[in-house]
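If you want the building blocks of each chain, they are given just below.
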Amino acid sequence: MPELPNPGVFVEEISSRVRPVTGVSTAVTAFVGYLKRGPLNYAQRVLRIGEFESIYGGLDADCEVSYAVKQFFLNGGTEALIVRVAADDPATGNGLEPGIASVTMHDEAGQPVLRARAESPGEWGNLLQIDVDYNQVDSATSFNLKVTQFSPQGGILVATDVESFRNLSMNPALAGYAVTSVNEASGLIRLDLPSGVTHDDMTSPPAQTGTSSARDISTINRDNLGGTIDVLVAGKDGDLLSASFNLATGTGTNSSLLRSTLQSALRTVSGLQGATELLGNQQDKTGMFALEDVDIFNILCIPRMASLHAAEAAQLVIEASLYCKQRSAFLIVDIPEAVNTVSEMQEWVTDNAGLRHENAAVYFPRIMVADPLDDYQLKARTASGTLAGVYARIDNSRGVWKAPAGLQASLVGVQALEYQLTHMENSALNSLGVNALRTLTGQGHFSWGARTLVGSKQRASEWTHIPVRRTALYIEESLLRGTVWVVFEPNDETLWAKIRLNVGTFMQNLFLQGAFRGASASDAYFVKCDGETT
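Residues numbered from 1 in each chain as written. Predicted model: local features only at pLDDT ≥ 70, side-chain atom pairs only at ≥ 80, totals over all residues. Heavy atoms only, no water.

Engineer: Hey, could you run me through the packing of aromatic side chains in this one?
Structural biologist: Working definition: an aromatic ring pair is given by the centre-to-centre distance plus the angle between the planes. Per the stated rule, a full pass over the model turns up 10 aromatic pairs. Between F72 and F73 the ring centres are 5.1 Å apart and the planes differ by 70°, which places this aromatic pair in the edge-to-face class. In terms of burial, F72 and F73 fall into one category: buried. Judged by centre distance (5.9 Å) and plane angle (50°), the rings of F364 and Y419 are tilted. With F364 in strand β14 (residues 360-364) and Y419 in the loop between β17 (416-417) and α9 (423-430), this residue pair connects regions lying 55 residues apart in the sequence. Linked through ring pairs, F31, F72 and F73 together constitute an aromatic cluster. The lysine or arginine in question, R19, covers the ring of W485, its NZ or CZ lying 4.6 Å from the ring centre. The side chain of R37 reaches across the aromatic face of W124, ending 4.5 Å from its centre. (Phe/Tyr/Trp six-rings, centres within 6.5 Å; stacked < 30°, edge-to-face > 60°. Buried < 20%, exposed > 50% of the residue type's maximum accessible area, 1.4 Å probe, protein only. Helix = DSSP H or I, 4+ residues; strand = E, 2+ residues; numbered from the N terminus. Lys NZ or Arg CZ within 6 Å of the ring centre and 35° of its normal.)

Engineer: For this particular structure, what's the right way to read the nonpolar core?
Structural biologist: A general trend in soluble globular proteins is that nonpolar side chains are found buried together. Within the largest apolar cluster, 46 residues are counted, with the highest numbers of intra-cluster contacts made by L291, L300 and M345. Mapped onto this core, the elements with two or more residues apiece are β1 (29-34), β3 (80-85), α5 (276-279), α6 (310-326), β13 (330-333), α7 (342-351) and β14. The element best represented in this core is α6, accounting for 7 residues. Excluding anything up to four places from it in sequence, M345 contacts I335, V339, V362, F364, L429 and V434. The next biggest cluster of nonpolar side chains, apart from the first, holds 33 residues, and it includes I299, A361, L387 and A409. (Core = buried A, V, L, I, M, F, W, Y, C linked by side-chain atoms within 4.5 Å. Contact = heavy atoms within 4.5 Å.)

Engineer: What exactly am I supposed to notice about unusual backbone geometry here?
Structural biologist: For residues that are not glycine, phi is negative in most cases, and the peptide bond is trans in most cases. Geometrically, the link from F364 to P365 is a cis peptide bond, its omega value of 0° lying close to zero. Assignment of secondary structure puts P365 in the loop between β14 and β15 (367-371). The residue N41 is not glycine, and still its phi comes out positive at about 50°. Non-glycine residue K285 carries a positive phi angle of around 60°. Position of K285 relative to the elements: it lies in the loop between α5 and β12 (299-301).

Engineer: Looking at this structure, I do not really get the sheet that holds β17. What am I missing?
Structural biologist: Either a parallel or an antiparallel arrangement is found when strands of a sheet pair, and the pairing is made through backbone hydrogen bonds. Read from one edge of the open sheet, 3 strands run β16-β15-β17, paired in antiparallel fashion. The outermost strands of the open sheet, each flanked by one partner alone, are β16 (377-381) and β17. Here β15 runs beside β17; their pairing, made up of 2 bridges, is antiparallel. Residue I367 lies in a different strand from β17, and its bridge partner there is L417. (Pairing = 2+ DSSP bridges.)

Engineer: Got a minute to help me understand the environment of A405 in this structure?
Structural biologist: Turning to its location among the elements, A405 is positioned in the loop between α8 (384-397) and β17. Residue A405 is classed as buried on the basis of its relative accessible area, which comes to 15%.

Engineer: Is there a simple way to think about the side chain of R381 in this case?
Structural biologist: Among the secondary structure elements, R381 is positioned in strand β16. R381 gets classed as buried once you look at its relative accessible area, which sits at 9%. At 3.3 Å, the side chain of R381 forms a polar contact with the side chain of D371. Look past the residues within four positions of R381 in its chain and what remains in contact with it is A61, E64, Y67, R366, I367, V369 and D371. (Polar contact = N/O pair within 3.5 Å; in protein donor to acceptor, adjacent residues only side chain to side chain.)

Engineer: Help me understand empty space enclosed by the protein, please; the structure alone is not making it clear to me.
Structural biologist: To find leftover empty space, one rolls a probe the size of a water molecule over the atoms. Enumeration over the complete set of coordinates arrives at 6 cavities of 30 Å³ or more. Together, 15 residues line the largest cavity, and N298, S328, R470, L473 and Y474 are the ones closest to its centre. Broken down by element, the lining of the largest cavity gets its largest block of residues, 4 residues, from helix α10 (residues 466-482). Classifying every residue of the lining of the largest cavity gives 8 nonpolar, 4 polar and 3 charged. (1 Å grid on protein atoms, 1.4 Å probe; cavity = no way out; pocket = protein on both sides within 12 Å on 5 of 7 lines; lining within 4 Å. Points joined across faces, edges and corners; volume = space filled by probe spheres on them. Nonpolar A, V, L, I, M, F, W, Y, C, P; charged D, E, K, R; others polar.)

Engineer: I'm lost on the pairing of strand β6 (residues 128-133) in this one. Help?
Structural biologist: In summary, the side chains of a regular strand alternate between the two faces of the sheet. Along β6, 5 of the 6 residues are buried, which leaves the element largely enclosed by surrounding structure. Looking at chain direction, β6 and strand β7 (residues 142-153) are connected through 6 bridges and run antiparallel. Directly across from Q129, in β7, lies its bridge partner T148.

Engineer: Honestly, the side chain of R84 in this entry has me stumped. Any pointers?
Structural biologist: Note that R84 resides in strand β3. Buried within the structure, R84 lacks any salt-bridge partner; E119 is the closest side chain of opposite charge, at an N-O distance of 6.9 Å. A polar contact of 3.3 Å, which involves the side chain of R84, links it to the backbone oxygen of K36. For R84, the side chain forms a polar contact with the main-chain oxygen of P121, separated by 2.6 Å. (Lys, Arg positive; Asp, Glu negative; His and termini not counted. Salt bridge = Lys/Arg side-chain N within 4 Å of Asp/Glu carboxyl O.)

Engineer: When you look at the environment of G187 in this model, what are you seeing that I'm missing?
Structural biologist: With respect to the helices, strands and loops of the structure, G187 is situated in the loop between α3 (178-185) and β9 (189-192). Overall, G187 belongs to the partly exposed group, its relative accessible area being 31%. Beyond its immediate sequence surroundings of up to four residues, G187 is in contact with R37, E119 and E163.

Engineer: Explain the pattern of salt bridges here, please?
Structural biologist: Any two side chains of opposite charge can pair, on the condition that their charged atoms come close. Per the counting criterion, the structure on display carries 20 salt bridges. Of the charged contacts in the structure, one is a salt bridge between D192 and R115, with a shortest N-O distance of 2.6 Å. Of this pair, D192 sits in strand β9 while R115 sits in strand β5 (residues 112-118), and the two are 77 residues apart along the sequence. D192 sits in the buried class, given a relative accessible area of 18%. The network of salt bridges with shared partners includes E64, D371, D374, K379 and R381.

Shown next, in the form of structure tokens:
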């Protein structure tokens, strides 16, 4: 008891032995994929689809991950981490990053005064237009600058974003200095001085530009193209198979194999050729390892894996599963584009038995969503982003211990499924650890399975079910972070009692929320910390 200076009433604060263990997040979802703009190899936190569109440009027909992110937010996702990767640009010659579009602006005398570069690497910068004018300013000292971003839509280039900057100056001492003003406010370009140019060289603003209009982009579609493609393609065993594709009807023999072959070839030509950039390097923190700088993520989606060659996709799944294990996260695997039937799905599971991991799950079939970039025609898309959104929605409403399946797990934004499963087919896939996506007549489309990749009947794993595994990950990570204070404390009964109290309080709260089975807390869980465990 402290010494009292005089008679009276005194209040003494006594520290409580309880150090609350706070539960961590459960549905922060990381997306890794090829995007045409945005920061490279950096985990950008995005809280809504509008923010994603502002930074990464929104939907892109060549970027599967853009559709996955949209589906994530549609289905209840609230927090995403976007990691953009891109293939090396041979033109740069450094093997480090793709090129950045740039243009040098000259004054009326033809001398270089400013260089404008796209805000991030990629071909998207080639569709930026910069205009300079002198409207309502002194052309000797000031100028206006407008930046327009164009995107191909319906066969033509359409202006999708415009930024305007007025009363800019080339004098760095003034508030309207062009380099500072534009770089602080623009989401499209960055300004700097051309090589060899200093502030002392600049006496006049860039010359006024002319006006230009976007040209039509030549397009090929079913309305203006007919005939049939007949080719030989390599089958799964390496044998050459005859494949055909009718351009008018979209049907043919071995058409799915032909489609997969052509898509892989086109991606190789366009620089999106493999899993190297997606995997990245842990030491350099590139690819999925850009997430090393993130405090926590719970779900990982890599939609591009669906279009990779079999060996590359398998290696990507293995590496991603191991990384999820390290980070107490969960991987949603996307099936290959060529897997369209139950027999093909069963064959894929058999051929890829080595991919089974307790921190991963796979779903069949692919989803069909309307594509606003192609007159809202239905397109087959990967399901990982949609399911990640469902996980987040169920977590927020019921808790991570509730299976992300059933009538509450509706697939928002999904207009059809690529394959309609029967009850018997559903049972056959479920026994293999494959989760079904089902259409229920008059009710919609739903997730109808909750097994991990080790959830086959033959394995009888303790981590058969997704909610069990994800709940364990949640508890482990929460306790790891919530008990860090015990480090360097005297390892005695006093400390053990405090740990039992704090951890027991956390577990009791979960029990009261329905996380565990049992009529009483003693039936549901126990906390042991004593001389036998330390």
